[in-house]
Amino acid sequence: MKEERRNISSRRENTRATGRNRQEYASLSEEEIERRRKARSARRKREAQRRRRLILLEMAACCVIALLLAVVGISAVVKSHSSKVNQEKQVKQEEQKAETIQQQKEGDSNVLQKAELMAQQYDYDGAIELLKSQSDFSSNEEMQTAVSEYEKTKETLVEVNLDEVTHVFYHSLVVDPKRGFAGTQGAQFNMWMTTVSEFNKINQSMYDRGYVLIRLRDMVKETKDENGNVKFEKAKIMLPPDKKAFVLSLDDLSYYHSYDGYGIASKMILDEEGKPTCEYVDENGETLTGSYDCVPLLDDFIEEHPDFSYKGARGMIALTGYNGILGYRTDQSYEDRPDDLDDDKVEWLNEHPDFNLETERKEAKKVADAMREEGWEFASHTWGHQYIADISLEKLQVDTQKWLDNVAPLVGGTDTIIFAHGQDLVSGGEYTADNEKYNYLKSQGFDFFCNVDGTKYWTQITENYVRQGRRNLDGYRMYHNPDMVSDLFDASEVFDKERPTPVASE
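Nothing here was measured: the structure is a model prediction, and the numbers come from that model.

(A) Region of interest: the overall build of the protein. Counting its secondary structure elements, the protein contains 16 helices and 19 strands. Here the protein holds 506 residues, and the buried ones make up 43% of them. Taking as baseline every contact in the protein between residues at least 6 positions apart, the subset at least 24 positions apart corresponds to 68%. A total accessible area of about 28000 Å² is found for the protein, and carbon and sulfur atoms account for 48% of it.

Right, here's the structure in full:
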């Protein structure tokens, strides 16, 4: 009730004020009225402007706040992304560091293994130099320990007496004695050849007795005079006191047509890893691949017994050329087919109508390159398996040129000739300046000369050439002269029981 009375009173007061204003307004002049109207209008505009400014300020504040919020949000996102990138980068760096450390360890391990193999094959200087050349050698205790051990072992080595280095040789090995020693050539093969079983036993016996395979050229140091001529002098070969050096060669690794069907490998090929191995045709006509001859068998043995080889040495392979090399028909006569072509070549060509000389040479060279990579060396055995002491100089020249044309390019050339049939340019003494055959061979680049000698060892090292005798380890030697091989093996234990002859010692 009281509130209603107050409202009524307020309305009355306002009415009275409005009345007074109207009375006052009525008494004003038009100029005053206009002035007041403009003043009110100006006040309203100012008020409107103030309100707009307030609204703009509020909007600006909202924008600033929103912008700040956005900046804060973006900064947080950027910071989060940057943190993630840094984390990923750090993880990657750690992975790379770990990989580098692992690679370093693997690299060190490989270097240590390589050095160990070099040391096992008596190249202590090479092993020491290899390890000391590594960038981390000064901080690698394992390498330092290995070097210390190699240096101590090196001090125990003794110099090999080069006058007591024996040179042994083989022909192609008989895989199947039943076929190898039968037929028209069986009796000859029984004398000349060695079986796979005998070869393996001989290697094991020589290894057990301390023999170490060296190269003939390891025995000499080569220099050149003022005219560029090669000069030789004795070298030093250092081995442990219980070791003895020997040289090895193989004759006729050409797999002649006359060998077909006699249980002997048919050619040298490369296996899936690019290593030299053999192709062999068994009694059922099936072609097999494997270690069926001296080259892969010796490689296998040295892989298992690296200390059987001095600095990775292998043997020398004495090649003829008239039936090609290594089982490939690489001689020019197969393509030219002259009227006097041998019957066995004619028969072979008739059986191989797709024959291509360049293909044969390409394949032979590929195999020869792989053999050299393994450490094997090549020598001339004369192109036509000549009796060097009996033929004329003119025939020697023709024969040698055929070898140089048809064989040398495939094997990388050679400075060694291993005479066929055990002959030599002279029966004894030295090669002299008036020996026409020697002079010719020397002019063609031959400096190393080998024959077949009846003694255990014979070596001649002169300023101008190196000459060495060889021992045949075959059926004839084991049967007729077992005492001549007793320093190497016991013939009664090695002699293959499948041979058609009894054991010599019995």
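From this point, things continue past the structure.
(B) Fine view of the pairing of strand β10 (residues 267–270). The pairing of β10 with strand β11 (residues 276–281) spans 4 bridges and is antiparallel. The residue bridging M268 from the neighbouring strand is C278, located in β11. Linking β10 back to β11 in an antiparallel pair, the connection comprises 5 residues, with G274 at a positive phi of about 80 degrees.

(C) Representation of the pattern of salt bridges in the model. Tallying each qualifying case throughout the model produces 20 salt bridges. Put simply, K132 and E151 hold a salt bridge, and the shortest N to O gap is 3.6 Å. Of this pair, K132 sits in helix α3 (residues 124–132) while E151 sits in helix α4 (residues 141–154), and the two are 19 residues apart along the sequence. On the accessibility criterion, K132 (46% relative accessible area) is partly exposed. By relative accessible area, E151 is classed as partly exposed at 33%. Between R467 and D424 there is a salt bridge, with the nearest N and O atoms lying 2.9 Å from each other. Separated by 43 residues along the polypeptide, R467 in strand β18 (residues 466–468) and D424 in the loop between β15 (416–418) and α14 (436–443) bring together distant segments of the chain. Accessibility assignment for this pair places R467 and D424 in one class, buried.

(D) Region of interest: a nonpolar patch on the surface. On the surface, M191, W192 and Y476 cluster together into a nonpolar patch covering about 280 Å² of accessible area. Along the chain, M191 falls in helix α6 (residues 186–192).

(E) Just the nonpolar core, in detail. In terms of nonpolar packing, the biggest core is built from 62 residues, with L326 and M371 touching the most fellow members. A total of 6 residues in this core trace back to one element, the largest contributor, which is helix α8 (residues 294–304). In this structure M371 touches L253, M268, P276, V295, I317, L326, W376 and F378, once residues within four positions along its chain are discounted. In terms of nonpolar packing, the next biggest core, distinct from the first, is built from 38 residues, L112, M118, F137 and V160 among them.

(F) Spotlight on the packing of helix α12 (residues 393–406) against α14. Relative to each other, α12 and α14 sit at 20 degrees, their axes nearing to 10 Å. Overall, the two elements α12 and α14 adopt an arrangement that is roughly parallel. The handedness of the crossing between α12 and α14 is right-handed. Seen from α12, the contacting residues are L393, L396, Q397, T400 and Q401; seen from α14, they are E436, K437, Y440 and L441. Residue composition of the contact of α12 with α14, by class: 4 nonpolar, 3 polar and 2 charged.

(G) Highlighting the environment of G183. Examined against the element boundaries, G183 turns out to sit in the loop between α5 (177–180) and α6. C-alpha of G183 to C-alpha of G261: the two residues are 78 residues apart in sequence and 9.6 Å apart in space.

(H) Examining the sheet that holds strand β12 (residues 287–290) more closely. Read across the sheet, 3 strands follow the order β10-β11-β12 without closing on themselves; strand pairing throughout is antiparallel. Each edge of the open sheet carries a strand with a single partner, namely β10 and β12. On average, adjacent strands in this sheet sit at an angle of 40 degrees to one another, irrespective of strand direction. Strands in contact with α8 are β10, β11 and β12; relative to β11, the strand with the most contacts, it is inclined by about 135 degrees. With respect to the sheet, helix α11 (residues 357–374) is in contact with β10 and β11, its orientation differing from that of β10 by roughly 75 degrees.

(I) Molecular detail of a negative patch on the surface. A contiguous patch of negative charge, built from D260, D339, D340, D342, D343, D344, E347 and E351, is present on the exposed surface. Along the chain, the position of D343 falls in helix α10 (residues 343–351). Relative accessible area serves as the criterion here: at 66%, D343 is assigned to the exposed category.

Parameters at a glance
Residue numbers here run from 1 along each chain, matching the order of that chain's written sequence. Confidence filtering applies because this is a predicted model: local features only for residues at pLDDT of at least 70, side-chain atom pairs given and counted only at 80 or more, and all residues used for totals across whole chains, interfaces and linings. Side-chain metrics in this entry use all non-hydrogen atoms of the structure; hydrogen atoms and water are not considered. Secondary structure elements are taken from DSSP: a helix is a run of H or I of four residues or more, a strand is a run of E of two residues or more, and numbering for both begins at the N terminus. Summary of the burial criterion: residues with accessible area below 20% of their type's maximum are buried, those above 50% are exposed, and those between are partly exposed, where the area comes from a 1.4 Å probe applied to protein chains only. Note on contacts: a residue pair is in contact if any heavy atoms of the two residues lie within 4.5 Å. The Shrake-Rupley method, run with a 1.4 Å probe, gives the accessible areas here. Residue values count only the displayed protein chains as cover. Strand pairing is defined by DSSP finding a minimum of two bridges between the two strands. Throughout this description, the term salt bridge denotes a Lys or Arg side-chain nitrogen within 4 Å of a carboxyl oxygen of Asp or Glu. Exposure above 30% relative accessible area and no salt bridge define the residues that can form patches, which grow by joining like charges within 9 Å and nonpolar side chains of Val, Leu, Ile, Met, Phe, Trp and Tyr within 5 Å. We call a set of buried Ala, Val, Leu, Ile, Met, Phe, Trp, Tyr and Cys residues a nonpolar core when their side-chain atoms join them within 4.5 Å. To get an axis, a line is fitted to the C-alpha atoms, and for a helix only the part in contact is used. The angle between two axes follows their N-to-C directions and goes from 0 to 180 degrees. These descriptions rest on fixed angle ranges, namely under 35 degrees for roughly parallel, over 145 for roughly antiparallel, 65 to 115 for roughly perpendicular, and the rest for oblique. When the near helix sits turned anticlockwise from the far one by under a right angle, the crossing is termed left-handed; a clockwise turn instead gives a right-handed crossing. The nonpolar class holds Ala, Val, Leu, Ile, Met, Phe, Trp, Tyr, Cys and Pro. Asp, Glu, Lys and Arg form the charged class, and all remaining residues, Gly among them, are polar. In this tally, Lys and Arg are treated as positive and Asp and Glu as negative; His is ignored, and so are the chain termini. Where a charge lies is defined by one atom per residue type, namely NZ (Lys), CZ (Arg), CG (Asp) and CD (Glu).

By themselves, these figures tell us nothing about what the structure is for.
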